[in-house]
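Structural overview for review
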Amino acid sequence: MELADIALLTGPDGRQLLADLPPYDERAALALGERLRRAGHSRDLVTAALTQSRLRTKAAHRWGSAGADLLTRLLLTPDGAEQATRPTVAALRAERYRQLGAGQQVADLGCGVGLDAIALAEAGLQVDAYDVDPVTAAVAAANAAATGHSEQINVTWADVTRSSDVTTGRYDAAFADPARRRDGRRLFRPETWSPPLPWVLDLPMVNLGVKVAPGLGHDHVRSDTEFAVISDSGDVVEAALYRGSLRDVGVTRSAMLLPAKAHLSDADLPTIPPPVNPVGQYLHEPDGAVIRAGLVAAVVDLVDGWLIDPHIAYISSHSAVVSPFVSSYRVIDVFPFALKRLRAYLRAESVGRVVIKKRGSAIDVDELHRSLRLDRSASEQRTLVLTRIGDDPIVAICERLRSAA
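First things first, this report covers the structure right here in the doc. Computed from a prediction, not measured in an experiment: that's the story for all the values here.

With that out of the way, let us pick up the overall build of the chain. Tallying secondary structure elements over the chain gives 15 helices and 18 strands in all. Dimensions of the chain, computed from the C-alpha atoms along their principal axes, are close to 65 × 55 × 35 Å. A burial count over the chain gives 48% of its 405 residues as buried. In the chain, the proportion of contacts linking residues at least 24 apart, taken out of those at least 6 apart, comes to 68%.

Spelled out as structure tokens, the structure:
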């Protein structure tokens, strides 16, 4: 995308064309483009509009129905379609900032296409949004206007590490979303992010939030900071650090599960380590946000269960559990893993379809699928849980239970 494309798309013809376009279909895009050009639209506008239609479709797959209405008003960049904060998550974060009070000044450092800035504005805050890329900054400004927040959101094209307004701490709070990719490659070391995580954490603002990789090492989390992980429909979608008034009082680790808004923190951890026992009648896999936040022991306590190995996040219990914090399975059988024995077992039980899950196992799932040589005409389906007890690999034959709403 170029700056000229943004001017075309934000003009009356561009907005109307975007509103009239049908859902994007790759197979029909070429013919649709030809029809639009014959109807009198310029080649540049048609190309830009079809690109936006494609990016919106891509974002819709990530965001789900919750962001559908907002998406019809937004312009996107390729990175924005891939990495922009989901509207549900942005709104959840904005609730933390809302408590600072209406009209407070917040710096959005690395604003991208502006989803977080828009959510902060809707929470009643004044936002100065910065992005180092001129096209992305222009898209963010266009999105602020399209959502009716031009007076609350001021977008600046700038390198925040060189902005005196940012480094002198004149803002009441800041939010940063450092870029964690360069030239299409993921950057794993926080000091290579843009802006670098150490630079962000050294900012003089007391009230600070920063979006980070969910796999961030706990050595990067300072003692006055909350490490908050969010999952949406079972997928870990974000982690962030919060300090000052944005942090839940006394909390250093938390997990939030959407859409249920189920919440756990280290305040829920038991005072003694969870028990460890063999696999029982039911097996439970904690949500990924719970695991990333290091709160498995809290879920063990919550479901009145135990770990099957002290180093592996599988929980067992005598009773069925209804909880948003776990995916649950009824255990049909469990035995030491051996391919020949497993293949014979599945054949004898008329199992023709399997879902394979693993934790603490080095087995290649795709290779195992091929090696099982399942009879596709067989009627039964099972979940195979591959894990280990100590150094001994095991397989649990399970039936998936209905998830909690």
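Alright, that's what it looks like, and here's the rest.
Per the counting criterion, the structure on display carries one aromatic pair. Ring plane angle 55° and centroid distance 5.6 Å describe the contact between F335 and Y345, whose orientation is recorded as tilted. With F335 in strand β15 (residues 326-336) and Y345 in helix α14 (residues 339-348), the pair connects residues that are 10 residues apart, well separated along the chain. The side chain of R96 reaches across the aromatic face of Y242, ending 4.1 Å from its centre. Over the face of the ring belonging to Y314 we find R359, whose NZ or CZ atom lies 5.3 Å from the ring centre.

Among the five residues that make up strand β7 (residues 208-212), five are buried, leaving the element largely enclosed by the rest of the structure. Burial along β7 is two-sided: L208, V210 and V212 facing one way and G209 and K211 facing the other are all buried. Where strand β4 (residues 173-176) lies against β7, three bridges are found, and the strand directions are parallel. If you follow A174 over to β7, its bridge partner there is L208.

Attention now moves to the nonpolar core. Membership of the largest hydrophobic core comes to 51 residues, with the highest contact counts inside it found for L21, W63, L76, Y97 and I153. With eight residues, helix α4 (residues 43-63) is the largest single contributor of residues to this core. Among all residues touching I153, those that are not within four sequence positions of it are A117, I118, A121, V127, A129 and A144. Within the second largest apolar cluster, 43 residues are counted, among which are Y171, L187, A289 and V296.

Where α14 contacts helix α15 (residues 365-372), the two axes come as close as 10 Å, and the packing angle between them is 55°. As judged from the angle between their axes, α14 and α15 are oblique. As for how α14 packs across α15, the hand of that crossing is right-handed. Residue-level inspection shows L339, L342, R343 and L346 of α14 in contact with α15, the latter providing L368, S371 and L372. A class-by-class count of the residues in the contact of α14 with α15 yields five nonpolar, one polar and one charged.

Attention now goes to the sheet that holds β15. Picture the strands of a sheet paired through backbone hydrogen bonds; they go either parallel or antiparallel. Overall, mixed pairing links the seven strands, which are arranged β13-β14-β12-β15-β18-β17-β16 in an open sheet. The sheet is open, and its two edges are formed by β13 (306-307) and β16 (351-358), each paired on a single side. The pairing of β16 with strand β17 (residues 380-389) spans seven bridges and is parallel. In the strand pairing of β17, V354 is matched with R382. α14 rests against β15, β16, β17 and β18 (392-400) of the sheet, and its axis sits at about 110° to β15. The strands that α15 touches are β16 and β17; relative to β16, the one it contacts most, it runs at about 160°.

It is worth spelling out unusual backbone geometry at this point. At the junction of S194 and P195, the peptide bond is cis and its omega measures out at -5° in the coordinates. Along the chain, P195 turns up in the loop between β6 (185-186) and α11 (197-201). The omega angle of the peptide bond from L258 to P259 is 5°, so this bond is cis rather than trans. By the element assignment, P259 lies in the loop between β10 (253-258) and β11 (262-265). Of note, the phi angle at S233 is positive, near 55°, even though the residue is not glycine. When you line up the elements, S233 lands in the loop between β8 (225-232) and β9 (235-243). Unlike most non-glycine residues, D304 shows phi in positive territory, near 55°. Within the secondary structure, D304 sits in the loop between α13 (296-302) and β13.

Across the sheet, which stays open at both edges, the nine strands sit in the order β3-β2-β1-β4-β7-β9-β8-β10-β11 with mixed pairing between neighbours. The sheet terminates laterally at β3 (153-157) and β11, the two strands that pair on one side only. Geometrically, the sheet is characterised by an average inter-axis angle of 20° between neighbouring strands, direction not taken into account. Note: β10 against β11, four bridges, orientation antiparallel. Along β11, the bridge assignment pairs L257 with A262.

Rules behind the numbers
- Residues numbered from 1 in each chain as written.
- Predicted model: local features only at pLDDT ≥ 70, side-chain atom pairs only at ≥ 80, totals over all residues.
- Heavy atoms only, no water.
- Helix = DSSP H or I, 4+ residues; strand = E, 2+ residues; numbered from the N terminus.
- Buried < 20%, exposed > 50% of the residue type's maximum accessible area, 1.4 Å probe, protein only.
- Contact = heavy atoms within 4.5 Å.
- Phe/Tyr/Trp six-rings, centres within 6.5 Å; stacked < 30°, edge-to-face > 60°.
- Lys NZ or Arg CZ within 6 Å of the ring centre and 35° of its normal.
- Pairing = 2+ DSSP bridges.
- Core = buried A, V, L, I, M, F, W, Y, C linked by side-chain atoms within 4.5 Å.
- Axes fitted to C-alpha atoms, helices over the stretch in contact; angles between N-to-C directions.
- Parallel < 35°, antiparallel > 145°, perpendicular 65-115°, else oblique.
- Left-handed = near helix turned anticlockwise from the far one by under 90°.
- Nonpolar A, V, L, I, M, F, W, Y, C, P; charged D, E, K, R; others polar.

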